[in-house]
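Structural overview
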Amino acid sequence: MKKIIYTTTIFATLLTGCNFLDDNPQGIMTEKEAISKADELVTTAYSSLGNDHYDVPFSLWIYGNVRADDAYKGGQDVSDIQHFHFYEIAQNIDPTFGEADRFWFMCYMAISRTNTALKALQQASDAEVANRQSRMGEMYFLRGHFYFVLKTIFGHIPFVDENTPDSAYETTPNTLPNDEQWQKIVADFKKAYDLLPNTQPQKGRADKYAAAAYLAKAYLYKAYRQSENNSVTGINSQDLQEVLTYTSFALGSSYGLEDDFAFNFLPGGYENGKESMFAVQYSVDDGTQYGRLNWGDQLSAPQKLGCCDFHKPSQNLVNAFKTVNGLPDFDNFNNNDYNATSDKADPRLFHTVALPGLPYKYNAELIYKNDWNRNSNVYGFYASLKENVDPSCSCFRNINPFRGNSKNRILIRYADVLLMRAEALIELNRSNEALSLINQVRQRAKQSTSMIPYATNTDIAVYQNGVNITWNQENARKALRWERRLEFAMEGSRFFDLVRWGIADQVLNDYFTKEKTRRPAIFSSAYFTKNKNEYIPIPQNQIGYVKGIYKQNAGF
């Protein structure tokens, strides 16, 4: 946090992408100047969403997918960005990892930008700043987002806001109880919800429905109460009721499920579609050298396309898409590996995973082959699709030695609202009401075949109580958790779901046991330690900057 202090006074003269940088900056903006440039400060805060890097990815592919059972790290071998391998096997994780330290710094830099913009907006009048109330709501939304990300990764974090004086940054601890930390995040999204309009004239700005969706998400995480050593101690029904309140509002919007699952992960005219409630906006040909590309995901392009074949779907994930009579094979899915000749599969498999012998990103003239992989002996033959694009797209750019693209990345989808509401209903013992919500997602998956005519072995059915499933709370919970995995696979959320549910140790140690026979070069020493590996350690540099005020996480 020490390094962040200085950004509250001088950052506006250092950052790119704002028109006011043409105004002969003098090093420190006066209060009057800051007020006059408040809208530019808002734009600068938004730009933080794309200020990540391949080893500091805001898509959370390492922290949400590789740490879970959805993805292998990939790359050349286990030594390629070795710290990410240590997260993958839950071993040798150290507070001195530079990638985690930079991630912490970049998130707090973004929070600092929102705080500086809020100061300027609060000191201005509605006459001085057009849409002032909305802009404040947008800043609370962005601040809530970055705190949410920090909280799910690090567990115990310090909270600074627009009213925190610079002198207090180094004396703000990270020791608030878990529930109070979540309440801080809830409060930001609630302020955003109260201030934001239902619609925004410009794409990319947060609106009231996006705030409602994120507010529901924060309440859902808050509901699963955790002890100081990360054990889930109960589920708070009042918080679950708040999830129902705000998902109800979000579901009453003009947002909805895309007709085809694929449309969420295509560039150009598909971006900012009806399911995208809030997305990071990228661009090309915008006057900069490469464009505003998705730098955080640039390592995941297959090696055949340039570099670097990271973020590889796991065999376990691919097996999870198998179906029997249209339903998931809950108990036996991982006994045998997916075989396209003999197995049926959920259509979402073909939108999520590049499979050898099939078109890459729906391009019938570009067949994904085994030799596209960098090290198949270690990481197998699959590649991730959702964040990637057809290389014939003008949005695909060579940033040698890497390949990047400008396709938007959705942070909140309408499908998430449906499944969050279903989860809250199930945990409130109202499972019957959750059935139709889960089935909406499955029905959309069932009809998502227009882009994959080559996938002739798809089979998926909706749940029918008393026909193909006994829809009690236990089975509803199992179905919901499976649905979240398949719907959001490789989107950076799987690990956080497991931690929220309190089952990360059980699921991941079962996963490691099988993977030790399947991928011994990766998982021979893997083991998840309960009450430790739910979060990564607070970076040692950050503890040093505040002279030890921060408390280190349990187990480190």
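First, a word on what this report is: a plain description of the structure on this page. In this convention, every chain numbers its residues from 1, walking through the sequence in written order. Selection of residues for local features in this predicted model requires a pLDDT of at least 70, selection of side-chain atom pairs for listing and counting requires 80 or more, and totals for whole chains, interfaces and linings are taken over all residues. Side-chain metrics in this entry use all non-hydrogen atoms of the structure; hydrogen atoms and water are not considered.

1. Examining the state of the cysteines
- Two cysteine sulfurs form what is called a disulfide whenever their separation falls within 2.5 Å. Taken as a whole and assessed by the stated rule, the structure comprises two disulfides.
- Two residues, Cys-307 and Cys-308, share a disulfide whose sulfurs are 1.5 Å apart. Disulfide Cys-307-Cys-308: the torsion about the S-S bond is 70°, which places it as right-handed. Exposure class is identical for Cys-307 and Cys-308. Each is buried.
- A sulfur-sulfur separation of 2.2 Å characterises the disulfide bridge that pairs Cys-393 with Cys-395. Judged by the torsion about the S-S bond (130°), the Cys-393/Cys-395 disulfide is right-handed.
- Described in terms of the sequence order of its bonded cysteines, the disulfide pattern of the chain is 1-2, 3-4. Any residue under 20% of the maximum accessible area for its type is buried, any over 50% is exposed, and the rest in between are partly exposed; the area is computed with a 1.4 Å probe on protein chains only.

2. Concerning the packing of aromatic side chains
- Between 30 and 60 degrees the pair is tilted, below 30 it is stacked and above 60 it is edge-to-face, where a pair is any two Phe, Tyr or Trp rings, Trp via its six-membered ring, whose centres lie within 6.5 Å. Applying the stated criterion to the full structure yields 42 aromatic pairs.
- One aromatic cluster in this structure is built from Phe-58, Tyr-63, Phe-86, Tyr-87, Phe-97, Phe-103 and Phe-146.
- The rule for a charge over a ring is simple: NZ of Lys or CZ of Arg within 6 Å of the ring centre, and within 35 degrees of the ring normal. Over the face of the ring belonging to Tyr-221 we find Arg-500, whose NZ or CZ atom lies 4.6 Å from the ring centre.
- Directly above the ring of Phe-556 sits Lys-532, whose terminal nitrogen or CZ lies 5.0 Å from the centroid.

3. Quick look at unusual backbone geometry
- The linkage connecting Cys-307 with the following residue, Cys-308, adopts the cis geometry, with an omega of 15°.
- Strands are runs of DSSP state E lasting at least 2 residues, helices are runs of H or I lasting at least 4, and numbering of each runs from the N terminus. You can see Cys-308 is positioned in the loop between β4 (276-280) and β5 (310-313).
- Following Asn-400, the chain continues to Pro-401 via a peptide bond in cis, the omega torsion being 10°.
- Tracing the chain through its elements places Pro-401 in the loop between β13 (396-399) and β14 (402-405).
- One non-glycine residue, Asn-131, adopts positive backbone phi at about 60°.
- Within the secondary structure layout, Asn-131 lies in the loop between α6 (98-123) and α7 (132-154).
- Unlike most non-glycine residues, Asn-230 shows phi in positive territory, near 80°.

4. A few points about the nonpolar core
- The biggest cluster of nonpolar side chains holds 168 residues, and the ones touching the most others in it are Tyr-63, Phe-103, Phe-141 and Phe-154.
- Contact criterion: two residues are considered in contact whenever any of their non-hydrogen atoms come within 4.5 Å of each other. Phe-154 has contacts with Ala-100, Phe-103, Trp-104, Tyr-535, Ile-536, Pro-537, Ile-538, Pro-539 and Asn-553, leaving out every residue within four places of it along the chain. For this analysis, a nonpolar core means a set of buried residues of the types Ala, Val, Leu, Ile, Met, Phe, Trp, Tyr and Cys, connected via side-chain atoms within 4.5 Å.

5. Considering the environment of Ser-314
- For Ser-314, the position within the fold is in the loop between β5 and α11 (315-320).
- Distance from Ser-314 to Phe-261, taken between C-alpha atoms, is 21 Å for residues 53 residues apart in sequence.
- Beyond its immediate stretch of four places on either side in the chain, Ser-314 contacts Asp-69, Asp-70, Ala-71, Tyr-72, Arg-485 and Tyr-511.
- Polar contact criterion, stated in full: a pair of N or O atoms within 3.5 Å, where within protein one must be able to donate a hydrogen and the other to accept it, and residues adjacent in sequence count only if both atoms are side-chain atoms. Among the polar contacts made by the side chain of Ser-314, one reaches the main-chain amide nitrogen of Leu-317 at a distance of 3.0 Å.

6. As for helix α14 (residues 414-427)
- The terminal C-alpha atoms of α14, which comprises 14 residues, lie 20 Å apart, in line with the 20 Å expected from a rise of 1.5 Å per residue.
- Directly beyond the C-terminal end of α14, a positive phi value near 65° is found at Asn-429. Here a helix's expected span is defined as the number of its residues, less one, multiplied by 1.5 Å.

7. Topic: the side chain of Arg-205
- Counting through the fold element by element, Arg-205 comes out in the loop between α8 (178-195) and α9 (208-223).
- A polar contact of 2.8 Å, which involves the side chain of Arg-205, links it to the side chain of Glu-138.

8. Re the environment of Ala-187
- Looking at where Ala-187 falls in the secondary structure, it is placed in helix α8.
- A residue is classified by how much of its surface remains accessible, and Ala-187, at 28% relative accessible area, is partly exposed.

9. Focus on the side chain of Asp-343
- Structurally, Asp-343 is set in the loop between β7 (327-328) and β8 (344-345).
- By the counting rule applied here, Lys and Arg register as positive and Asp and Glu as negative, while His and the ends of each chain are not counted. The salt bridge definition used is simple: a Lys or Arg side-chain nitrogen within 4 Å of an Asp or Glu carboxyl oxygen. Of the side chains bearing the opposite charge, Lys-322 lies closest to the buried Asp-343, which forms no salt bridge; the N-O distance is 4.4 Å.
- Looking at Asp-343, its side chain comes within polar contact range of the main-chain nitrogen of Asn-339, at 2.8 Å.
- Ignoring sequence-local partners within four residues, the contact set of Asp-343 consists of Lys-322, Asp-337, Tyr-338 and Asn-457.

10. Re the pairing of β14
- Side chains of β14 alternate between two faces, with Phe-402 and Gly-404 and Arg-403 and Asn-405 buried alike.
- As judged from the four bridges shared by β13 and β14, these two strands associate in the antiparallel manner. Paired with Asn-398 across the bridge in β14 is Arg-403.
- In textbook terms, the turn of a hairpin is the stretch between consecutive antiparallel strands, and for β13 and β14 this stretch comprises two residues. Pairing between strands is defined by DSSP: at least two bridges between the two strands are required.

11. Regarding the pattern of salt bridges
- Under the defined criterion, the tally for this structure stands at 40 salt bridges.
- Notably, a salt bridge pairs Asp-337 with Arg-518, separated by 2.8 Å at the nearest N-O pair. Taken together, the residues Asp-337 in the loop between β7 and β8 and Arg-518 in helix α18 (residues 504-518) connect sequence positions 181 residues apart.
- Beyond isolated ion pairs, a larger network of salt bridges with shared partners links Glu-275, Asp-346, Arg-348, Lys-386, Arg-413, Arg-442, Arg-444, Glu-483, Glu-487 and Glu-491.

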